[in-house]
Amino acid sequence: MKIPFIDLHAQYMSIQSEVDDVVKSVLSQASYIGGHYVRHFEALFAEQLQIHHCIGVGNGTDALYTILSALDLPAGAEVITPAMSWISSAETITQAGARVVFCDVDPDTYILDPQRVAEKITDRTAAVVAVHLYGQAAPMMALAALCRERKLYLIEDCAQAHFTQEGGQYAGTWGDAAAFSFYPTKNLGAYGDAGCIVTRHEALAERMRRLANHGARVKDDHLFEGFNSRLDTLQAAILSVKLTHLHGWNTRRAAIAELYKSLLQGVEKIVLPAVRSDTIHTYHIYAIRARRRDALKQYLEANGILTVIHYPVALPNLPAYSYLGHRPEDFPVSSGLQEEVLSLPIYPELTDEQVRYVSKNILEFYAKQGV
Ligand SMILES: *Cc1c(COP(=O)(O)O)cnc(C)c1O
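Residues numbered from 1 in each chain as written. Predicted model: local features only at pLDDT ≥ 70, side-chain atom pairs only at ≥ 80, totals over all residues. Heavy atoms only, no water.

### What about the site of the ligand?
Then, in step 1: In the neighbourhood of the ligand, 13 residues make up the surrounding shell, with G60, T61, D157, S181 and K186 lying closest.
Then, in step 2: D157 is positioned such that a nitrogen or oxygen atom in its side chain is 2.7 Å from a nitrogen atom of the ligand.
Then, in step 3: Relative to its free-state accessible area of 380 Å², the ligand is covered by the protein chains to the extent of 92%.
Then, in step 4: Per-class residue counts for the shell around the ligand are 4 nonpolar, 7 polar and 2 charged. (Near = heavy atom within 4 Å. Polar contact = N/O pair within 3.5 Å; in protein donor to acceptor, adjacent residues only side chain to side chain. Areas by Shrake-Rupley, 256 points an atom, 1.4 Å probe, with all protein chains shown as cover. Nonpolar A, V, L, I, M, F, W, Y, C, P; charged D, E, K, R; others polar.)

Below, the structure is given as structure tokens:
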């Protein structure tokens, strides 16, 4: 049996006529930037997330950069962000003129924990960028309280967390602003690059909308310099169609996670994802921690199953951050995770039979190894 890590073609097949119809209607109107479809998607996404403002931008990285730029952080400001993430949550801090301060993650949930964050706060700290890694809710209630008390901005990276919840409240609605990515493989993915920002602050929303459009709301009305990062009309139209399926897709992801859990629970050599209490995990990624991870990955591949490592090098250990002078021991949890995490296939179109096949092969690997 061949099991790809993700199957975007199968998903397109499942919604082909709806997508083709909306693409045709955009093309026939020959309006490719802005316009009705973009406004419609922004309104729809904000409404479903129960937040006031949504601003479409070119991708998730630009969403983070736009937020951080709009905050006008003082020179030399420090921004705390997890050591375990995709590079976007860190590189955009530098691009906005601030200094990246990495924080190690919780050993059970792989996300920021408020205690470790508090220890990293100095006189120069201006903000915290929390990441809802893999779809797991970062502890937003506690982080929001901490940031309020220490007068720090709180930014959420929701690129992997479309409709993740804590205490019945959506990820993306806790902080001052949140970035979403609609990269094709995300839980809500466009057919190219796309992203958005959400916020409840009106003035910040206005500033971010201008920043991402050359400082202008309408043509030639440049209050300040900005840049060009807009959500394409075509992508917005496709996203509006796909948004109507997202709840069902997330439900299917959760069912797959349950099935993996029931089949793999009790295997001593692996650790299954923990889910924080009173949260809804959206399982963008189903990452196990595995003894002899690289050999397991090879064994699965030899049996037709593709897996991915998110992420093989924790951020502080990357050459890009060698200037910070960190050693792997400075971030023991993240540095340990990079050797052990393995993401199993999880996407709505994956069948129960395929999940059983993946699980059976994992069990066989450890039985054969006798490790
Ligand atoms: C995908 C991702 C991003 C970046 O999104 P793009 O749309 O690819 O720019 C940022 N942060 C995290 C955690 C991501 O997974």
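After that view of the structure, there is still more to cover.
### Considering the UniProt feature "active site" (unreviewed entry) in the protein chain
Then, in step 1: UniProt marks K186 with the feature "active site" (unreviewed entry), using the numbering shown here.
Then, in step 2: Within the element layout of this structure, K186 appears in the loop between strand 8 (177–181) and strand 9 (195–199).
Then, in step 3: Owing to a relative accessible area of 16%, K186 belongs among the buried residues under this scheme.
Then, in step 4: Setting aside its immediate chain neighbours within four residues, K186 contacts A159, H162, S181 and H284. (UniProt positions renumbered as here; feature names shortened; annotations may be inferred. Helix = DSSP H or I, 4+ residues; strand = E, 2+ residues; numbered from the N terminus. Buried < 20%, exposed > 50% of the residue type's maximum accessible area, 1.4 Å probe, protein only. Contact = heavy atoms within 4.5 Å.)

### A few points about the packing of helix 4 (residues 60–70) against helix 5 (residues 88–95)
Then, in step 1: Packing of helix 4 against helix 5 leaves a shortest axis separation of 9 Å and a crossing angle of 40°. By the angle class used here, helix 4 and helix 5 are oblique. Helix 4 and helix 5 meet at a crossing whose hand is right-handed. Side by side, helix 4 and helix 5 meet where T61, L64, Y65 and L68 of the first sit next to S88, S89, E91, T92, I93 and Q95 of the second.
Then, in step 2: Class assignment of the residues belonging to the contact of helix 4 with helix 5 gives a composition of 4 nonpolar, 5 polar and 1 charged. (Axes fitted to C-alpha atoms, helices over the stretch in contact; angles between N-to-C directions. Parallel < 35°, antiparallel > 145°, perpendicular 65-115°, else oblique. Left-handed = near helix turned anticlockwise from the far one by under 90°.)

### A look at the domain arrangement of the protein chain
Then, in step 1: Domain parsing of the protein chain yields domain 1 (8–241) and domain 2 (246–369).
Then, in step 2: Of the residues lining the interface, 45 residues belong to domain 1; the matching set on domain 2 comes to 37 residues.
Then, in step 3: Together domain 1 and domain 2 conceal approximately 3400 Å² of surface at their shared face, both sides included; 59% is due to carbon and sulfur atoms.
Then, in step 4: Together, F102, Y134 and N187 form the three largest contributors to the area buried by domain 1 at its contact with domain 2, with a combined 22%.
Then, in step 5: At the surface where domain 1 touches domain 2, the tally comes to 1 salt bridge.
Then, in step 6: Between R276 and E166 there is a salt bridge, with its nearest N and O atoms 3.5 Å apart.
Then, in step 7: Seen at the junction of domain 1 and domain 2, the total is 22 residue pairs in polar contact (both at pLDDT 80 or more).
Then, in step 8: Listed by contribution, the elements that provide at least two residues to the side of domain 1 that touches domain 2 are helix 1 (8–14), helix 5, strand 3 (99–103), helix 6 (114–120) and strand 6 (165–166).
Then, in step 9: In terms of residue count, strand 3 provides more of the side of domain 1 that touches domain 2 than any other element does, 4 residues in total.
Then, in step 10: Of the residues in the side of domain 1 that touches domain 2, the class split is 23 nonpolar, 13 polar and 9 charged. (Domains from an automatic or database assignment. Buried area = accessible area lost by both parts, 1.4 Å probe. Salt bridge = Lys/Arg side-chain N within 4 Å of Asp/Glu carboxyl O.)

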